[in-house]
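Residue-level listing of the chains:
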Amino acid sequence: MAGIGSKIKWLFGKNADLYPANMPAGMWFWAARRITGLIVAVYIFAHLYVLSTFWSGQNAWGGMMSIMTSDAFVLLDLLLLGAVIVHAVTGAAVLLFDTGVGVRKHKMVYWVLAVIGVLLFIGSIYGAYRIITG
Amino acid sequence: MMNNPAKTKGSWGWLMQRVTAVLIIVFLGTHIYLTHFASFDLDLLDWTLVEERVRALPILIIDYGLLVTAIFHGLNGLRMIAFDFVTTNGRRKLADVGFWVLGVGSVIWGLAIFAPFF
């Protein structure tokens with residue numbers, strides 16, 4: 001097997017499909033959906049683990065929630081929500097194209113969905129701000 | 001007709017990924033709103049308020065619906081990524097067994113989480 005350096009160059013070099021400037025809009029959506037999908041899939045299990053604190057009773061839950069509602073974790077939650085929004089918006093493009101909507105207007109669909117995603121994230125920033133400032 | 005893609009199991013995963021995607025948009029949207037954004041004055045994560053929500057049947061149905069659809073969608077997505085790298089039939093079947101065990105186990109874990117409220 002060739003060295004890891006040449007492998008990386010083969011995957012991401014200037015002539016490779018994955019070199020950012022060579023990626024068409026749909027491929028950006030695909031890459032973003034994969035990365036955020038991985039993050040959110042792992043989060044599901046972290047979420048189940050945290051919620052299992054219910055089993056340890058009211059006091060343990062209160063203690064866990066005082067950690068989870070600290071500023072740092074609210075900001076992490078905001079980033080997570082951002083990942084969820086990216087995943088939802090890029091997934092919506094797949095659903096639309098699969099059902100025949102906007103098949104000949106990919107770029108327009110991408111831009112409209114990107115704007116919707118940005119608006120949702122601005123709303124999320126407001127929510128996080130209200131939660132942090134109490 | 002093993003060569004007909006429509007008659008192999010792959011297309012079920014493809015279809016269910018889309019069905020669960022639509023359901024998750026509804027369930028997750030409601031879940032995040034009710035658990036975090038419905039009020040900034042009340043502490044929505046306080047034990048008594050959580051208990052109140054869990055005991056409301058429509059909310060419980062949404063949360064359990066989200067549990068099943070999210071775990072399916074997440075593991076089916078991981079399966080799709082895994083199958084880009086695991087390409088032989090035998091290893092894929094082995095991976096499927098693993099994903100099903102993990103999925104069913106996680107759903108049981110999730111269903112049991114609200115036990116203290118009943």
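Residues numbered from 1 in each chain as written. Chains lettered and ligands numbered in written order. Predicted model: local features only at pLDDT ≥ 70, side-chain atom pairs only at ≥ 80, totals over all residues.

**Student:** Which parts of the structure should I look at to understand the overall build of chain B?
**Tutor:** Helix and strand content of chain B: four helices and zero strands. What you see in chain B, going N to C, is helices and strands ordered as α-α-α-α. At 18 Å, chain B has a C-alpha radius of gyration far larger than the 13 Å of a compact globule built from 118 residues. Dimensions of chain B, computed from the C-alpha atoms along their principal axes, are close to 60 × 25 × 25 Å. Expressed as a percentage of its 118 residues, the buried residues of chain B come to 15%. (Helix = DSSP H or I, 4+ residues; strand = E, 2+ residues; numbered from the N terminus. Rg over C-alpha atoms; globule rule 2.2 N^0.38 Å. Buried ≥ 20, exposed ≤ 12 C-beta atoms within 10 Å, placed from the backbone.)

**Student:** Got a minute to help me understand helix α4 (residues 71-98) of chain A in this structure?
**Tutor:** Residues that lie three or four places apart on an α-helix share one face, since the helix turns once every 3.6 residues. All names here are of chain A. With 28 residues, α4 should reach 40 Å at 1.5 Å per residue; the first-to-last C-alpha distance of 40 Å fits that figure. V84, V86, H87, A88, V89, T90, G91, A92 and A93 are the residues of α4 that are buried. One or two positions beyond α4, positive phi appears at G100, with a value near 90 degrees. (Expected span 1.5 Å × (residues − 1).)

**Student:** Help me out: how do you make sense of the packing of helix α2 (residues 25-51) of chain A against helix α5 (residues 106-133) of chain A in this one?
**Tutor:** For any two helices packed against each other, the geometry comes down to the angle between their axes and how far apart the axes lie. All names here are of chain A. Packing of α2 against α5 leaves a shortest axis separation of 10 Å and a crossing angle of 45 degrees. In terms of orientation, α2 and α5 fall into the oblique class. Each of A25, G26 and F29 in α2 lies in contact with α5, whose residues at this interface are H106, K107 and Y110. Of the residues belonging to the contact of α2 with α5, the class tally is three nonpolar, two polar and one charged. (Axes fitted to C-alpha atoms, helices over the stretch in contact; angles between N-to-C directions. Parallel < 35°, antiparallel > 145°, perpendicular 65-115°, else oblique. Contact = placed C-beta atoms within 7 Å. Nonpolar A, V, L, I, M, F, W, Y, C, P; charged D, E, K, R; others polar.)

**Student:** What am I meant to see in the interface of chain B and chain A here?
**Tutor:** Size of an interface, as often reported, equals the accessible area lost when the parts are brought together. The interface of chain B with chain A comprises 21 residues on the first partner and 22 residues on the second. When residues of the side of chain B that touches chain A are traced back to their parent elements, those giving at least two are α1 (10-37), α3 (57-82) and α4 (89-113) of chain B. Residue classes in the side of chain B that touches chain A are distributed as 15 nonpolar, five polar and one charged.

**Student:** Before we go on, may I ask you to explain the nonpolar core in this structure?
**Tutor:** Note on soluble globular proteins: their nonpolar side chains tend to be buried together. Counting nine residues, the largest nonpolar core consists of F29, V40, V84, V86, A88, V89, A92, A93 and V109 of chain A. Residue assignment for this core shows that the elements contributing at least two residues are α2 and α4 of chain A. Among the elements that line this core, the one with the most residues is α4 of chain A, at six residues. Membership of the second largest hydrophobic core comes to seven residues, among which are I24, F27, I71 and F72 of chain B. (Core = buried A, V, L, I, M, F, W, Y, C linked by C-beta atoms within 7 Å.)

**Student:** How should I be thinking about α2 of chain A in this particular structure?
**Tutor:** With 27 residues, α2 of chain A extends 38 Å between its outermost C-alpha atoms, agreeing within 8% with the 39 Å of an ideal straight helix rising 1.5 Å per residue. F29, T36, G37 and V40 of chain A are the residues of α2 of chain A that are buried. Lining the buried residues of α2 of chain A we find α4 and α5 of chain A together with α3 of chain B.

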